[in-house]
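# What the coordinates show
The chain contents come next:
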Amino acid sequence: MPGALPFIIAGLCVSLSVALVLLVAAELAGTAFGVGYLIQMSQQVFRVDQMFVGLIVLGAMGFAADLLFERTVRQLLPWYGAETAAKRGGQVERRPACERSRAKQFIAGRNASTGLKVEQ
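Residues numbered from 1 in each chain as written. Predicted model: local features only at pLDDT ≥ 70, side-chain atom pairs only at ≥ 80, totals over all residues. Heavy atoms only, no water.

## A closer look at the nonpolar core
Residues L5, I9, C13, F69, V73 and L77 constitute the largest nonpolar core, which totals six residues. Put simply, the parts of the chain that give this core at least two residues each are α1 (5-30) and α3 (48-76). Per element, the largest residue contribution to this core is three residues, and it comes from α1. (Core = buried A, V, L, I, M, F, W, Y, C linked by side-chain atoms within 4.5 Å. Buried < 20%, exposed > 50% of the residue type's maximum accessible area, 1.4 Å probe, protein only. Helix = DSSP H or I, 4+ residues; strand = E, 2+ residues; numbered from the N terminus.)

Now the structure itself:
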């Protein structure tokens with residue numbers, strides 16, 4: 001079980017994001033309220049300002065869900081991420097639950113596996 005824990009946490013993180021996407025898709029398809037409905041109706045009546053409000057709310061919901069998940073993992077499993085503590089001189093590296101650091105390295109122009117700067 002301890003060896004499978006990182007994979008279980010990664011699966012939960014992915015399922016959280018998929019659940020949020022499916023929630024919005026369900027709102028787009030068959031409800032008369034919700035953020036997805038707001039976006040759809042704003043698009044149909046050309047209210048771009050309301051449409052962007054809906055998109056910003058969706059982004060904030062996703063960010064809040066990810067932050068809550070990450071903090072919950074840190075509270076329930078304080079040893080998660082401690083495998084790199086020896087490499088850092090005893091300090092535990094705060095590794096994001098969904099491995100966002102690879103995306104940040106990619107955006108910064110670094111190779112995710114080596115950490116070296118990539119010429120573009």
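## What to know about the side chain of E27
With respect to the secondary-structure elements, E27 resides in helix α1. Setting aside anything within four residues of it in sequence, one finds E27 in contact with F33, G34, V35, G36 and Y37. (Contact = heavy atoms within 4.5 Å.)

## Overview of unusual backbone geometry
Here the phi dihedral of F46 falls at roughly 60°; this positive angle occurs in a residue that is not glycine. Within the secondary structure layout, F46 lies in the loop between α2 (35-44) and α3.

## Some words on the packing of α1 against α3
Here α1 crosses α3 at 155°, and the two axes come no closer than 11 Å. It follows from the interaxial angle that α1 and α3 lie roughly antiparallel. For α1 against α3, the interelement crossing comes out right-handed. On the side of α1, the interface is formed by I9, L12, C13, L16, L20 and V24, while α3 contributes L58, M61, G62, A65, D66, F69 and V73. Broken down by class, the residue content of the contact of α1 with α3 amounts to 11 nonpolar, one polar and one charged. (Axes fitted to C-alpha atoms, helices over the stretch in contact; angles between N-to-C directions. Parallel < 35°, antiparallel > 145°, perpendicular 65-115°, else oblique. Left-handed = near helix turned anticlockwise from the far one by under 90°. Nonpolar A, V, L, I, M, F, W, Y, C, P; charged D, E, K, R; others polar.)

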